[in-house]
Amino acid sequence: MSLLHASSRALLSKASSIAKKATAKHHFNVTRSLTSVPSPPDGSFKDGKPTLQYAKALPKTFASMTNEQVLQFAEMEIPEACRECIIRDIMVVDQIEYDDAMKIFKKIAETNRRGMQLHALPFYTGFGAAFTAGIFSVPLVFHLDMVNWFNDKFVTAEMPPPEDVVTALEVGSASWGWMEPILGQVSFFLLCMQFARSQLQNLGVRPYFNWQRNMRAEYLVTQFPEYDAEFLRNYSKIDKIVGPHEMSD
């Protein structure tokens, strides 16, 4: 039992060091430092297993968690915990209860999603261009009508006689003379870009993604300056571009 308690204390101590964020901001006095993390009370475990009484105290929602637990999960970028930090900050600043603070948080969440689709446009454009190019590359190589159209518009090469372009493979053989350089060069370009991207990932660099995420976070802070800036930034940065995170209780 003592070994289990020692392990629990070590884990909570580590969480404390991760979540430690010294400082009270704005005009109210709130400390985030976790100077002491309580150990499980005596009688919580029996034969290395939790007792019924201790199990009943298990928090089942983020709203029922302690401040220390919420801070720990917020440092792990759990969206519900980041939301909970803002809600409790609102309660302190505005001196209101939880349900009223939740209404203000919803306004904050809506503000954070303003212009989100515009920021997502480069990603949608890249996806759409790649998907479209991949689909059209097949008929441009193997479909006779598409091959003839592309040849007339952009190549003007001499095609084999009709009896030699009956099957899709024969059409592909005829079109490969001008499609091979295009597809080969595009493939090599994408291979180089993929390698470059992997090196940026190794460096922890995501230029556009990080820029738009930081810009949204700073915008949210300017819109709600009365609330804790760090809590607002953390929440803004974990919000998905494609759609809001489905929050649990």
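Here goes a summary of the coordinates provided. (Residues numbered from 1 in each chain as written. Predicted model: local features only at pLDDT ≥ 70, side-chain atom pairs only at ≥ 80, totals over all residues. Heavy atoms only, no water.)

## Quick word on a nonpolar patch on the surface
So, step 1. Taken together, I182, V186, F189, L190 and M193 make up a surface patch of nonpolar side chains, about 450 Å² in accessible area.
So, step 2. Note on placement: F189 falls in helix α8 (residues 168-202). (Patch = residues over 30% accessible without salt bridge, like charges linked within 9 Å, V, L, I, M, F, W, Y side chains within 5 Å. Areas by Shrake-Rupley, 256 points an atom, 1.4 Å probe, with all protein chains shown as cover. Salt bridge = Lys/Arg side-chain N within 4 Å of Asp/Glu carboxyl O. Helix = DSSP H or I, 4+ residues; strand = E, 2+ residues; numbered from the N terminus.)

## Examining the pattern of salt bridges
So, step 1. With the rule as written, the count across this model stands at three salt bridges.
So, step 2. R233 is the salt-bridge partner of E218, the closest N and O atoms lying 2.7 Å from each other. In this pair, E218 sits in helix α9 (residues 207-223) while R233 sits in helix α10 (residues 229-238), placing the two residues 15 residues apart along the sequence.
So, step 3. Residue classification places E218 among the partly exposed positions, given a relative accessible area of 37%. (Buried < 20%, exposed > 50% of the residue type's maximum accessible area, 1.4 Å probe, protein only.)

## A short note on unusual backbone geometry
So, step 1. Not every positive phi belongs to a glycine, and E77 is a case in point at roughly 65 degrees.
So, step 2. Within the element layout of this structure, E77 appears in the loop between α3 (67-75) and α4 (79-94).
So, step 3. You can call E77 exposed: its relative accessible area is 55%.

## A look at the side chain of T51
So, step 1. With respect to the helices, strands and loops of the structure, T51 is situated in the loop between β2 (49-50) and α2 (52-56).
So, step 2. Setting aside residues up to four positions removed in sequence, T51 forms contacts with G43, S44, F45 and K46. (Contact = heavy atoms within 4.5 Å.)

## A closer look at the nonpolar core
So, step 1. Membership of the largest hydrophobic core comes to 26 residues, with the highest contact counts inside it found for I86, I90, F105, I108, Y227, L232 and Y235.
So, step 2. Listing elements by their share of this core, those giving two or more residues are α3, α4, α5 (98-112), α9 and α10.
So, step 3. Examining the composition of this core, we find that seven residues originate from one element, α4, more than from any other.
So, step 4. Beyond its immediate sequence surroundings of up to four residues, Y235 is in contact with C82, R83, I86, F105, A109, N112, L220 and M247.
So, step 5. Core analysis: the second largest hydrophobic core is formed by nine residues, L140, F150, V165 and W178 among them. (Core = buried A, V, L, I, M, F, W, Y, C linked by side-chain atoms within 4.5 Å.)

## As for α9
So, step 1. When the terminal C-alpha atoms of α9 are compared, their 25 Å separation across 17 residues agrees well with the 24 Å that a helix rising 1.5 Å per residue should span.
So, step 2. Those residues of α9 that fall on the buried side of the exposure criterion are F209, Q212, R216, A217, L220 and V221.
So, step 3. Buried positions along α9 lie against α5, α6 (116-142) and α10. (Expected span 1.5 Å × (residues − 1).)

## Topic: the packing of aromatic side chains
So, step 1. For the structure on display, the rule yields nine aromatic pairs.
So, step 2. Summarising the aromatic geometry, the rings of F123 and Y208 are spaced 5.5 Å apart at their centres and angled 55 degrees between planes, so their arrangement reads as tilted. One end of the pair, F123, is in helix α6; the other, Y208, is in helix α9, and 85 residues separate them in sequence.
So, step 3. Given the relative accessible area of 38%, F123 is considered partly exposed.
So, step 4. Relative accessible area serves as the criterion here: at 28%, Y208 is assigned to the partly exposed category. (Phe/Tyr/Trp six-rings, centres within 6.5 Å; stacked < 30°, edge-to-face > 60°.)

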